[in-house]
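Single-letter residue listing:
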Amino acid sequence: DTDALAEWLASRQMSYEGGFSGRSNKLVDGCYSFWQGGAVAIVSAAVAAGQENDDQDPWLANNSDNDSNSPTDPSHLLMDEGMLERYILLCAQDVAGGLRDKPSKRTDFYHSCYNLSGLSCAQYCGKTSFGHPV
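Heads up: these notes are all about the structure in this document.

Rules behind the numbers
- Residues numbered from 1 in each chain as written.
- Predicted model: local features only at pLDDT ≥ 70, side-chain atom pairs only at ≥ 80, totals over all residues.
- Heavy atoms only, no water.
- Helix = DSSP H or I, 4+ residues; strand = E, 2+ residues; numbered from the N terminus.
- Buried < 20%, exposed > 50% of the residue type's maximum accessible area, 1.4 Å probe, protein only.
- Contact = heavy atoms within 4.5 Å.
- Salt bridge = Lys/Arg side-chain N within 4 Å of Asp/Glu carboxyl O.

## Points about the overall build of the chain
Turning to step 1, where the next piece is worked out: Of regular secondary structure, the chain possesses four helices and zero strands.
Turning to step 2, where the next piece is worked out: Secondary structure of the chain in N-to-C order comes out as α-α-α-α.
Turning to step 3, where the next piece is worked out: In the chain, which comprises 134 residues, the proportion classed as buried is 40%.
Turning to step 4, where the next piece is worked out: For the chain, the share of sequence-separated contacts (at least 6 apart) that also reach a separation of at least 24 residues comes to 53%.

Structure, rendered in structure tokens:
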């Protein structure tokens, strides 16, 4: 049920912080930038292609005829990419280096890896060539 999954994933992005929580009634955690953000990117691609069960890869589908503001446009993710970027860069990043779960926590390799992966999803998923919008 793609619609239910998309709705659940969208509800995991917190409107105030901009980051993702792992489940209901939990605080935002930087690693979910990838775990939830990556899932949002995949679901967004499936919705954009309109083929959740087809054999064609939704990332490679030709969507050149779509309006750029359409929800079926592959560059339109079902999340607020800007808010996710802000959370990662302003809240999860430590001035001494590394990334963390949330501002009150210490940095570690696990959260650094998944925060950077989530940042990459926010900045590049849905683009046909890296760094250039569709």
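## Digging into unusual backbone geometry
Trans is the common state for peptide bonds, and a negative phi is the common state for residues other than glycine.
Turning to step 1, where the next piece is worked out: Here Asn 25, not a glycine, exhibits a phi torsion of approximately 65 degrees, which is positive.
Turning to step 2, where the next piece is worked out: Assignment of secondary structure puts Asn 25 in the loop between helix 1 (2-12) and helix 2 (32-49).

## Thoughts on the pattern of salt bridges
Turning to step 1, where the next piece is worked out: A complete count under the given rule lists two salt bridges for this structure.
Turning to step 2, where the next piece is worked out: Between Arg 100 and Asp 94 there is a salt bridge; the shortest N-O distance is 2.9 Å.
Turning to step 3, where the next piece is worked out: With relative accessibility at 12%, the residue Arg 100 sits in the buried group.
Turning to step 4, where the next piece is worked out: On the accessibility criterion, Asp 94 (21% relative accessible area) is partly exposed.
Turning to step 5, where the next piece is worked out: The salt bridge partner of Lys 102 is Asp 101, with a shortest N-O separation of 2.5 Å.
Turning to step 6, where the next piece is worked out: Classification of Lys 102 as buried rests on a relative accessible area of 16%.

## Overview of the environment of Thr 107
Turning to step 1, where the next piece is worked out: Looking at the element boundaries, Thr 107 is found in the loop between helix 3 (81-92) and helix 4 (109-124).
Turning to step 2, where the next piece is worked out: Note: C-alpha distance between Thr 107 and Ala 96 (eleven residues apart in sequence) is 9.2 Å.
Turning to step 3, where the next piece is worked out: Not counting residues within four places of it along the chain, the set of residues in contact with Thr 107 comprises Asp 94, Gly 97, Gly 98, Leu 99 and Arg 100.

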